[in-house]
Amino acid sequence: MKITVVGTGYVGLVTGACFADTGLDVTCMDIDEFRIDDLKIGILPIYEPGLEELVERNLEKNRLRFTTDIESALTDCEVVFIAVGTPADDDGNSDLHHILNAARDVGKYMQNYMVVVTKATVPVGTAYKVKDVIREELDKRGSGLEFDIASNPEFLKAGAAVMDFLKPDRIVIGIECGKTEAIMRRLYKPFLLNAHPIIFMDITSAEMTKYAANAILATKISFINEIANLCEKVGADINLVRKGIGTDPRIGFDFIYPGIGFGGSCFPRDVRALIHTGDEYDYPMEVLRGVDTVNIRQRSVLFTKVSNYFGDRIKGRNVAIWGLSFKPGTNDMHEAPSIELIDSLLAAGCNIKVYDPKAMNDARQLFGDRITYANEHYEALIDSDCLLIVTEWQEFRFPNFIVMTKLMKNKVIFDGRNIFDPVELEQLGFDYHCLGIRNDNIYVPVKKKVKVHE
Ligand SMILES: NC(=O)c1ccc[n+]([C@@H]2O[C@H](COP(=O)([O-])OP(=O)(O)OC[C@H]3O[C@@H](n4cnc5c(N)ncnc54)[C@H](O)[C@@H]3O)[C@@H](O)[C@H]2O)c1
């Protein structure tokens, strides 16, 4: 079976590489020549655990091919996935011009029956627009070629994308006929072992499923952030409240960790796109409006703490930052809370030194020489007045606090991810500020004998 993936970004590359690994003949096509030239020699545009090895292995076996030529990419193809970007336009709606361009190219160059699958995250109704555009192009050619459409939203998580693709929680596919169902079931068979479910539904429901999934996760994040902020005001401890509610299986522990707001290329955009869809149908999405508002507010929480702490002595402070990407496991800085935070600190006259295990090049492109870049996390601390934890990378969780004490000018930490134990940090003499717990109100369990890690 030969398949083609149009758009070789995060989703397209993972999709192509994972399908190639099952033995399929996969062509990944993109209009970005530099990207394709790099990929041909195994240079990836993104960091994603396990992806480089997967691409290398399948390039070597000639199962994975990269091209900018759509015509050759579509030759003998049975299934074409459209995985191009769908950025938000100025109104918060999805900009569909990439996807409709890709559909137009498919219509222009297809030579045989194929299933055209929308894998990009697109507003309800887009797959039918794709169908219309392809039919239009075929009509222009005077071609009566048959094709079917499908909607197969992608649920992979940045930082775990390969594993999510290989072992999916579920595969959702919107279809219009039994023929498409049979083709898609066969294609995904290697990923369905161990009872991973494949759920077929109509196309509109499949498109809505993707937005509903991201919207509920974003809602959980904004909800817990709001509760954390209130905990701080009333003198409760969010870490205890989280334990208290998470044990209820209807609530669960996932996505109820306080932080400095969600970012990335999906959650913020998808929440706004769903609000926009609601508006189009004259149905205001009140919960999601709140989710978006709370998230925007949350991004300034860490800066407010720093600003309140230093007051009018903030200018000229040396601020160390650990973590820049919007979450661990990825170099992605789309709408990362670190961006607004750094802009605010710079505006306040701070000197900033940053370290992130994967996002340094991305940060250089964003901030240039306005900030300083450290080679490793301890280096960022030299002469710092405070440390800000922005992304909860594993390697930050158990630092050597004694070394930190010697490097930092002031033992002050603002933790935007609550990764340290407030009691332990207090014992070590740090002025530790985290989220959802007031410094004057740290709960010490009666029997707890605190162990100090060095
Ligand atoms: N990144 C994620 O974690 C994630 C997860 C699930 C779903 N999605 C969705 O998947 C889609 C793709 O996202 P992404 O992050 O992979 O995007 P991306 O920006 O990383 O990649 C998109 C690629 O499409 C290419 N492209 C644009 N127009 C093209 C055309 N006409 N023909 C061929 N190539 C073209 C671009 O050059 C780029 O390389 C989006 O709708 C996104 O919302 C993303």
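What counts and what doesn't
Once a new chain begins, its residue numbering starts again from 1 and follows that chain's sequence as written. Only residues with pLDDT of at least 70 are given local features in this predicted model, and only at 80 or more are side-chain atom pairs given and counted; all residues enter the totals for whole chains, interfaces and linings. Side-chain measures were taken over the full set of non-hydrogen atoms in the model, leaving aside hydrogen atoms and water. Annotation comment: domain bounds sourced from an automatic or database domain assignment. By the convention used here, residues are in contact when the closest approach between their heavy atoms is within 4.5 Å. By buried area we mean the combined loss of accessible area, with a 1.4 Å probe, across both parts when two parts are placed together. Basic side-chain nitrogens of Lys or Arg form a salt bridge, by our definition, when they fall within 4 Å of a carboxyl oxygen of Asp or Glu. Nitrogen and oxygen atoms within 3.5 Å of one another constitute a polar contact, given that in protein one can donate a hydrogen and the other can accept it, and given that sequence-neighbouring residues count only through two side-chain atoms. Under the DSSP-based scheme used, a helix requires at least four consecutive residues in state H or I and a strand at least two consecutive residues in state E, with every element numbered from the N terminus. Three labels apply to residues, based on accessible area from a 1.4 Å probe with only protein chains included: buried if under 20% of the type maximum, exposed if over 50%, partly exposed otherwise in between. Here, a strand pair is defined by DSSP locating no fewer than two bridges between the strands. Axis lines are fitted through C-alpha atoms, for helices just across the contact stretch, and the angle between N-to-C directions can take any value from 0 to 180 degrees. Here, proximity means that at least one heavy atom of the residue falls within 4 Å of the molecule or strand. Only the protein chains shown count as cover for residues, and all accessible areas are computed by the Shrake-Rupley method using a 1.4 Å probe.

Details of the domain arrangement of the protein
If you check the domain split of the protein, you get domain 1 (2–201), domain 2 (211–297) and domain 3 (299–441). Spacing between the C-alpha centres of domain 1 and domain 3 amounts to 39 Å. Across the contact, 8 residues belong to domain 1 and 7 residues belong to domain 3. Summing both sides of the interface, domain 1 and domain 3 together bury roughly 510 Å²; the carbon and sulfur share of this comes to 56%. Counting every contact that joins domain 1 to domain 3 gives 0 salt bridges. Applying the counting criterion to the domain 1 and domain 3 interface returns 2 residue pairs in polar contact (both at pLDDT 80 or more).

Some remarks on the side chain of T27
Assignment of secondary structure puts T27 in strand β2 (residues 25–29). When its relative accessible area of 0% is taken as the criterion, T27 is described as buried. In contact with T27, other than residues within four places in its own chain, are K2, I3, T4, V5, R65, T67 and A73.

A closer look at the sheet that holds strand β9 (residues 318–322)
The 6 strands lie next to each other as β11-β10-β9-β12-β13-β14, forming an open sheet whose pairing is parallel. Where the open sheet ends on each side, the last strands, each with one partner, are β11 (372–373) and β14 (431–433). Set on the sheet, helix α13 (residues 301–310) makes contact with β12 (386–389), β13 (412–415) and β14; between it and β13 the angle comes to about 155 degrees.

A few points about the site of the ligand
Taken together, the neighbourhood of the ligand is formed by 24 residues, with V11, D30, R35, T86 and R269 sitting nearest. Between Y10 and the ligand, the recorded distance is 2.9 Å, taken from a backbone N or O atom to an oxygen atom. Taking H98, its side chain carries an N or O atom lying 3.4 Å from a nitrogen atom of the ligand. When isolated, the ligand has an accessible area of 830 Å², and the protein chains bury 86% of it. Taken together, the elements giving at least two residues each to the shell around the ligand come down to α1 (10–20) and α5 (97–109). In terms of domain composition, the shell around the ligand takes at least three residues from each of domain 1 (2–201) and domain 2 (211–297).

Some remarks on the environment of V241
Following the sequence through the fold, V241 ends up in helix α10 (residues 238–246). Sequence separation between V241 and I224 is 17 residues; the distance between their C-alpha atoms is 9.8 Å. Residues contacting V241, with those up to four places away along its chain left out, are I227 and C231.

Here's the deal with unusual backbone geometry
Despite not being glycine, N194 has its phi angle at roughly 60 degrees, a positive value. Of the residues examined, N194 reaches a relative accessible area of 67% and is grouped as exposed.

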